[in-house]
Amino acid sequence: MQTLYDVQQLLKRFGIFVYVGKRKWDIELMAIELDNLFRANLITKKEFTNAKIVLTREHRIEEKRDGKAEKFGGIRI
């Protein structure tokens, strides 16, 4: 599992489709759903860990983008 798409496909196996409208919020909701799947023992620790790493990386990227947008008057680059 290496991309956000891979995480989406993992969630899709359980009928979970996430679309809030803002990528950062989608990532945060995916992390919550992933936690719930792991607590319910529906995914392995390896799947959980790999997916969390991907989500953390993608969330950091979005945080940086949001910071740049604020720096340039709210215009997203």
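The structure under discussion appears in the preceding block.
Everything in this summary refers to the structure shown in the same document. (Residues numbered from 1 in each chain as written. Predicted model: local features only at pLDDT ≥ 70, side-chain atom pairs only at ≥ 80, totals over all residues. Heavy atoms only, no water.)

With respect to unusual backbone geometry
Filter applied, for reference: Numbering of helices and strands runs from the N terminus; a helix is a DSSP stretch of H or I covering at least four residues, while a strand is a stretch of E covering at least two.
Non-glycine residue N41 carries a positive phi angle of around 60 degrees. Note that N41 resides in the loop between α2 (23-39) and α3 (45-71).

Describing the environment of T56
What counts here: Relative accessibility under 20% of the residue-type maximum defines a buried residue, over 50% an exposed one, and the middle range a partly exposed one, all with a 1.4 Å probe and only protein chains included. For the purposes of these results, a polar contact is taken to be a pair of N or O atoms within 3.5 Å, where, inside protein, one atom must be able to donate a hydrogen and its partner to accept one; residues adjacent in sequence count only when each atom of the pair is a side-chain atom.
Structurally, the position occupied by T56 is in helix α3. Look at T56 and you get partly exposed, because its relative accessible area is 38%. For the pair T56 and A31, spaced 25 residues apart in sequence, the C-alpha to C-alpha distance is 8.7 Å. Within the structure, T56 has its side chain in polar contact with the backbone oxygen of K52 (distance 2.8 Å).

What about the packing of helix α1 (residues 4-12) against α2?
The condition is simple: To get an axis, a line is fitted to the C-alpha atoms, and for a helix only the part in contact is used. The angle between two axes follows their N-to-C directions and goes from 0 to 180 degrees. To sort the angles, those under 35 degrees are grouped as roughly parallel, those over 145 as roughly antiparallel, those from 65 to 115 as roughly perpendicular, and the leftovers as oblique. Crossings are sorted by hand: turned counterclockwise from the far helix by less than a right angle, the near helix makes the crossing left-handed, and turned clockwise it makes it right-handed. Throughout, a contact is declared for two residues whenever any of their heavy atoms are within 4.5 Å. All amino acids are sorted into three groups, where Ala, Val, Leu, Ile, Met, Phe, Trp, Tyr, Cys and Pro are nonpolar, Asp, Glu, Lys and Arg are charged, and the leftover types, Gly among them, are polar.
Two numbers describe how α1 lies on α2: the axes approach to 11 Å, and their chain directions differ by 45 degrees. Here α2 runs oblique to α1, going by the angle between their axes. Judged by the sense of rotation from one axis to the other, the crossing of α1 with α2 is left-handed. On α2, the residues that touch L4, V7, Q8, L10 and L11 of α1 are R23, I27, M30, E33, L34 and L37. A per-class count over the contact of α1 with α2 returns eight nonpolar, one polar and two charged.

What about the pattern of salt bridges?
Test applied: Each reported salt bridge corresponds to a side-chain nitrogen of Lys or Arg within 4 Å of a carboxyl oxygen of Asp or Glu.
In this structure the tally under the stated criterion is eight salt bridges. Note that K24 and D66 form a salt bridge whose closest N and O atoms lie 3.6 Å from each other. With a gap of 42 residues between them, K24 in helix α2 and D66 in helix α3 connect regions that are remote in the sequence. Residue R65 pairs with E62 through a salt bridge whose shortest N-O separation is 2.9 Å. Here E62 and R65 lie together in helix α3, a separation of three residues that amounts to about one turn. Within this structure, R23, R57, E58, E62 and R65 form a network of salt bridges that share partners.

Looking at the environment of R57
Its place among the elements puts R57 in helix α3. Judged by relative accessible area, which is 36%, R57 ranks as partly exposed. It is 9.5 Å that separates the C-alpha atoms of R57 and T3, two residues lying 54 residues apart in sequence. R57 has contacts with Q2 and T3, leaving out every residue within four places of it along the chain.

Without other data, these values stay purely geometric and don't point to any function.
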